[in-house]
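Letter by letter, the chains look like this.
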Amino acid sequence: MSVTTDQRLEVQAPSRREARRRRRGVGHTSTGYAFVAPFMVVFVAMLVLPLAYAAYLSLFQEKLIGGTVFAGLGNYTRALTDPRLLDGVGRVALFFVIQVPVMLVVALVAALAIDSGLLRAAKAFRLGVFLPYAVPSVVAALMWGYLYGRDFGPFSQLAGDLGLPAPKFLTSSWMLGSLANIVTWEFTGYNMIILYAALRAVPHDLYEAAAVDGAGAIRTAWSIKIPALRPALLVCAIFSVIGSFQLFNEPQLMQRLAPSVIDSGYTPNLYAYSLAFTGQEVNYAAAVSFLLGAVIVVASYAVLFVTTRRSRS
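Here the structure is a predicted model, which means the values were calculated and not measured. (Residues numbered from 1 in each chain as written. Predicted model: local features only at pLDDT ≥ 70, side-chain atom pairs only at ≥ 80, totals over all residues. Heavy atoms only, no water.)

> Can you explain the overall build of the protein? Please cite residues and give values.
Within the protein, the regular secondary structure consists of 13 helices and two strands. Contacts in the protein between residues at least 24 apart in sequence constitute 66% of all its contacts with a sequence separation of at least 6. Within the structure as shown, the protein displays about 19400 Å² of accessible surface, and the carbon and sulfur contribution to it stands at 67%. (Helix = DSSP H or I, 4+ residues; strand = E, 2+ residues; numbered from the N terminus. Contact = heavy atoms within 4.5 Å. Areas by Shrake-Rupley, 256 points an atom, 1.4 Å probe, with all protein chains shown as cover.)

> Could you give me a rundown of the packing of helix H3 (residues 83-116) against helix H7 (residues 175-200), with the residues and numbers involved?
Where H3 contacts H7, the axes come no closer than 7 Å and their chain directions differ by 40 degrees. In this view, H3 runs oblique relative to H7, as classed from their interaxial angle. Between H3 and H7 lies a crossing of right-handed hand. Considered class by class, the residues forming the contact of H3 with H7 number 20 nonpolar, four polar and three charged. (Axes fitted to C-alpha atoms, helices over the stretch in contact; angles between N-to-C directions. Parallel < 35°, antiparallel > 145°, perpendicular 65-115°, else oblique. Left-handed = near helix turned anticlockwise from the far one by under 90°. Nonpolar A, V, L, I, M, F, W, Y, C, P; charged D, E, K, R; others polar.)

> Lay out helix H5 (residues 137-148) with the relevant residues and their values.
End to end, H5 covers 16 Å across 12 residues, agreeing with the expected 16 Å (1.5 Å per residue, within 8%). Within H5 the residues assigned to the buried category are Ser137, Ala140, Ala141, Trp144, Gly145, Leu147 and Tyr148. Angular distribution of buried residues about the axis of H5 spans 160 degrees; they occupy a single face of the element. Looking at the packing, one finds that the buried side of H5 touches helix H6 (154-161), H7 and helix H11 (249-254). (Expected span 1.5 Å × (residues − 1). Buried < 20%, exposed > 50% of the residue type's maximum accessible area, 1.4 Å probe, protein only. Arc of directions from axis to C-beta.)

> An account of the nonpolar core is needed here, citing residue identities and associated values.
Counting 27 residues, the largest nonpolar core has Ala111, Met192, Leu195, Val241, Phe245 and Val303 as the members making the most contacts within it. Broken down by element, this core gets its largest block of residues, 10 residues, from H3. Counting residues in hydrophobic clusters, the runner-up holds 20 residues, among them Leu147, Met175, Ile182 and Leu247. (Core = buried A, V, L, I, M, F, W, Y, C linked by side-chain atoms within 4.5 Å.)

> Provide a residue-level description of the pattern of salt bridges, including the pertinent values.
Counted according to the given criterion, the structure contains four salt bridges. Notably, a salt bridge pairs Glu281 with Arg78, separated by 3.1 Å at the nearest N-O pair. Here Arg78 lies in helix H2 (residues 74-80) and Glu281 lies in the loop between helix H12 (268-277) and helix H13 (282-312), a separation of 203 residues in the sequence. Its relative accessible area of 38% is what places Arg78 among the partly exposed residues. We note a salt bridge from Arg84 to Asp263, for which the minimum N-O separation is 3.9 Å. With Arg84 in helix H3 and Asp263 in the loop between H11 and H12, this pair connects stretches of sequence that are 179 residues apart. Each of Asp115, Arg200 and Lys225 takes part in a single network of salt bridges with overlapping partners. (Salt bridge = Lys/Arg side-chain N within 4 Å of Asp/Glu carboxyl O.)

> With reference to specific residues and values, describe the environment of Gln255.
Within the fold, Gln255 resides in the loop between H11 and H12. Once the C-alpha coordinates of Gln255 and Leu170 are considered, the two residues, 85 residues apart in sequence, prove to be 9.5 Å apart. When neighbours within four sequence positions are excluded, Gln255 is seen to be in contact with Ile262, Asp263 and Ser264.

> Provide a residue-level description of unusual backbone geometry, including the pertinent values.
Even without being a glycine, Ala121 presents a positive backbone phi close to 50 degrees. As for its position among the elements, Ala121 is in the loop between H3 and helix H4 (122-134). A residue is classified by how much of its surface remains accessible, and Ala121, at 55% relative accessible area, is exposed. The backbone of Gln280 shows a phi angle near 60 degrees, a positive value even though the residue is not glycine. As for its placement among the helices and strands, Gln280 is situated in the loop between H12 and H13.

> Help me get a handle on the side chain of Ser300, residues and values and all.
Within the secondary structure, Ser300 sits in helix H13. Residue Ser300 is classed as buried on the basis of its relative accessible area, which comes to 11%. Every residue in contact with Ser300, bar those within four places of it in the chain, is listed here: Ile238, Val241 and Ile242.

> Before we move on, can you summarise the packing of H3 against helix H10 (residues 230-245) with the specific residues and values?
Remark: H3 packs on H10, axes separated minimally by 9 Å, with the N-to-C direction vectors making an angle of 145 degrees. As H3 packs across H10, the resulting crossing turns out to be right-handed. Side by side, H3 and H10 meet where Val89, Val92, Ala93, Phe95, Phe96, Gln99, Val100, Met103 and Leu104 of the first sit next to Cys236, Ala237, Ser240, Val241, Ser244 and Phe245 of the second. Of the residues belonging to the contact of H3 with H10, the class tally is 12 nonpolar, three polar and no charged.

> Requested: an account of the side chain of Ser274, with residues and values cited.
Structurally, Ser274 is set in helix H12. Discounting chain neighbours no more than four positions away, the residues touching Ser274 are Ser264 and Gly279.

> An account of the packing of aromatic side chains is requested, with residue identities and associated values reported.
In total, this model carries 16 aromatic pairs according to the counting rule given. A centroid spacing of 6.1 Å and a plane angle of 15 degrees characterise the contact between Tyr146 and Phe152, whose relative ring orientation is stacked. Ring centres of Phe169 and Trp174 lie 5.6 Å apart, and the angle between their planes is 70 degrees; on these two criteria the pair is classed as edge-to-face. Since its relative accessible area comes to 41%, Trp174 is described here as partly exposed. Here the aromatic cluster, defined as three or more aromatic residues joined through ring pairs, consists of Trp144, Tyr148, Phe155, Phe169, Trp174 and Trp185. A cation over an aromatic ring shows up here: Arg78 above the ring of Tyr284, its NZ or CZ 3.7 Å from the ring centre. (Phe/Tyr/Trp six-rings, centres within 6.5 Å; stacked < 30°, edge-to-face > 60°. Lys NZ or Arg CZ within 6 Å of the ring centre and 35° of its normal.)

Here it is in structure tokens:
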């Protein structure tokens, strides 16, 4: 049985279209890899390789006799029993428990006030709350350090003019609160923007239904807006966990104003920095840093687990 030319063309046409489609798919895949390649190069060079090298360093110890020797998990065992590290972790955990709820409540109130439409000069208010986030943390710490100063700070001068004792902002009993105030001033605006953006995504149909039911502004905020903000609040809380346990700039700069209060182990990050660049214990500092990362992962998961469980109940 002979096959005509038209029949052969009909058989070959789908196969040609399939071949062109495959070549086009390969081209699209190559283009995608080309766009992703710069990020992957930077990601591997700036994050993966340094982490791998730090993990490698954490497995060794420097000995006076014998030089660098393999220690296995010896640095990690030492870190788990290091009282200075444990004190620093407990201190930043207390900092997180006290400072973060206050900051998130203030950010939530500011976002609700802007979204309500009842606030005059809402744009200026939003800019004023967000502006401290644009100030570098080093500048913020220097500025607040000047305000806290016992001998030259304006608060101390005002208290002296009123015949009152100078505030003890830089004492051991007040220092954690002073640092919490700086961090709250810095990051309230950042969290407010996240919450406000989430509020703008809430469907207006819900507001209209609440208005029909006779709900006021407070009832609408409590029953509609705040429940809708749970995912955004969770994101802010996880970011705050990371930021709290990585606290470094503020205590490192305030240390010069109160060296008897803030020592090199005041926070875990400051302790790791002091070990590496002052004590020249690079290997042990690498182990401390990895343990701090593990603490951050566990704390973040705990916040995520508790928040998710409460939302389901």
